[in-house]
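# Descriptive analysis of the structure
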Amino acid sequence: MFKPLHNYVLIERIEEENKTAGGIIIPDNAREKPSRGRVVATGDGIYSGEKLLPLTVKTGDVILFAKWASSVNEVKINGKDYVLIKESDILGILE
């Protein structure tokens with residue numbers, strides 16, 4: 001598997017519904033990429049001076065992330081698509 005470094009988080013996108021509330025089917029080429037995902041792996045954290053500050057998110061968390069953040073990187077690992085993002089671009093954890 002893949003182990004992110006520092007404050008990076010590996011995310012598997014969670015696909016959104018392909019229908020509107022009224023039942024209209026949205027074609028694949030008109031849908032936006034989802035900004036919701038499941039955390040697959042995390043780095044150990046980031047150092048502040050000599051102290052390691054651990055990440056807030058953990059493996060298995062379902063999160064919302066900023067779609068257009070500068071740290072969003074699309075990666076393919078073992079033929080599967082993931083998003084590699086800095087924790088600071090995660091907007092929140094869904095409970």
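Since this is a predicted model, take the numbers as computed values, not measurements. Counting restarts for each chain: residues are numbered from 1 in the order of the written sequence. It should be noted that, the model being predicted, local features are given only for residues of pLDDT at least 70 and side-chain atom pairs only at 80 or more, the latter also being counted only at that level, while totals for whole chains, interfaces and linings use all residues. Side-chain measures here rest on the full set of heavy atoms in the structure, leaving out hydrogens and waters.

### Examining the pattern of salt bridges
Any Lys or Arg side-chain nitrogen found within 4 Å of a carboxyl oxygen on Asp or Glu counts as a salt bridge. Considering all chains together, one arrives at five salt bridges under this definition. We note a salt bridge from Asp61 to Lys58, for which the minimum N-O separation is 3.2 Å. Throughout, exposure labels follow a simple rule: accessible area from a 1.4 Å probe, protein chains only, divided by the maximum for the residue type, with under 20% read as buried, over 50% as exposed, and the rest as partly exposed. For Lys58, a relative accessible area of 54% translates into the label exposed.

### A word on the environment of Val57
In this structure, Val57 sits in the loop between strand E4 (51–53) and strand E5 (62–65). Since its relative accessible area comes to 6%, Val57 is described here as buried. Sequence-distant contacts of Val57, that is, excluding residues within four places in its chain, are made with Val9, Val39, Thr42, Ile63, Glu87, Ile90 and Ile93. Strands are runs of DSSP state E lasting at least 2 residues, helices are runs of H or I lasting at least 4, and numbering of each runs from the N terminus. The criterion used for residue contact is that any of the two residues' heavy atoms lie within 4.5 Å.

### A short note on a nonpolar patch on the surface
On the surface, Leu64, Leu91 and Leu94 cluster together into a nonpolar patch covering about 270 Å² of accessible area. You can see Leu94 is positioned in strand E8 (residues 90–94). A relative accessible area of 37% means that Leu94 is categorised as partly exposed. By definition, no residue in a patch forms a salt bridge, and every one has over 30% relative accessible area; like charges are joined within 9 Å, nonpolar side chains (Val, Leu, Ile, Met, Phe, Trp, Tyr) within 5 Å. What sets the accessible areas is the Shrake-Rupley method with a 1.4 Å probe; for residues, cover comes only from the shown protein chains.

### Considerations on the environment of Asp44
Mapped onto the elements of the fold, Asp44 is located in the loop between strand E2 (36–42) and strand E3 (46–48). Assessed through its relative accessible area of 53%, Asp44 is described here as exposed. Residues Asp44 and Pro4, 40 residues apart in the sequence, show an inter-C-alpha distance of 8.1 Å. The contact partners of Asp44, leaving out residues within four places of it in the chain, are Lys3, His6, Leu52, Leu53, Pro54 and Leu55.

### Some points on the confidence of the model for the protein
Of the residues in the protein, 80% have a pLDDT of 70 or more, and the chain-wide mean is 84. The score called pLDDT rates the predictor's confidence residue by residue, from a low of 0 to a high of 100. Per-element confidence in the protein is highest for E2, whose mean pLDDT is 95, and lowest for E3, whose mean pLDDT is 88.

### Structural notes on the sheet that holds E2
Taken in spatial order, the six strands of this open sheet run E6-E7-E1-E2-E5-E8, and their pairing is antiparallel. Looking at the sheet topology across the chains shown, the edges are occupied by strand E6 (73–77) and E8. Here the average twist between neighbouring strands, direction ignored, is 45 degrees. Note that E2 and E5 share three bridges and pair antiparallel. When the sheet's bridge partners are listed, Arg38 is paired in E5 with Val62. Whether two strands pair comes down to DSSP finding at least two bridges between them. Here the axes come from fitting lines to C-alpha atoms, over the contacting stretch only for helices, and the angles between their N-to-C directions go from 0 to 180 degrees.

### Some words on the nonpolar core
Membership of the largest hydrophobic core is limited to twelve residues, which are Val9, Ile11, Val39, Leu55, Val57, Ile63, Phe65, Ala69, Val72, Val83, Ile85 and Ile90. At the level of elements, strand E1 (8–13), E5 and strand E7 (80–86) are the ones that each hand at least two residues to this core. When sequence neighbours within four positions are dropped, the list of residues in contact with Ile11 reads Gly37, Arg38, Val40, Ile63, Phe65, Tyr82, Val83 and Ile85. Judged by nonpolar contacts, the second largest core, of five residues, contains Leu10, Ala41, Ile77 and Leu84. Residues grouped as a nonpolar core are buried Ala, Val, Leu, Ile, Met, Phe, Trp, Tyr and Cys residues, joined through side-chain atoms within 4.5 Å.

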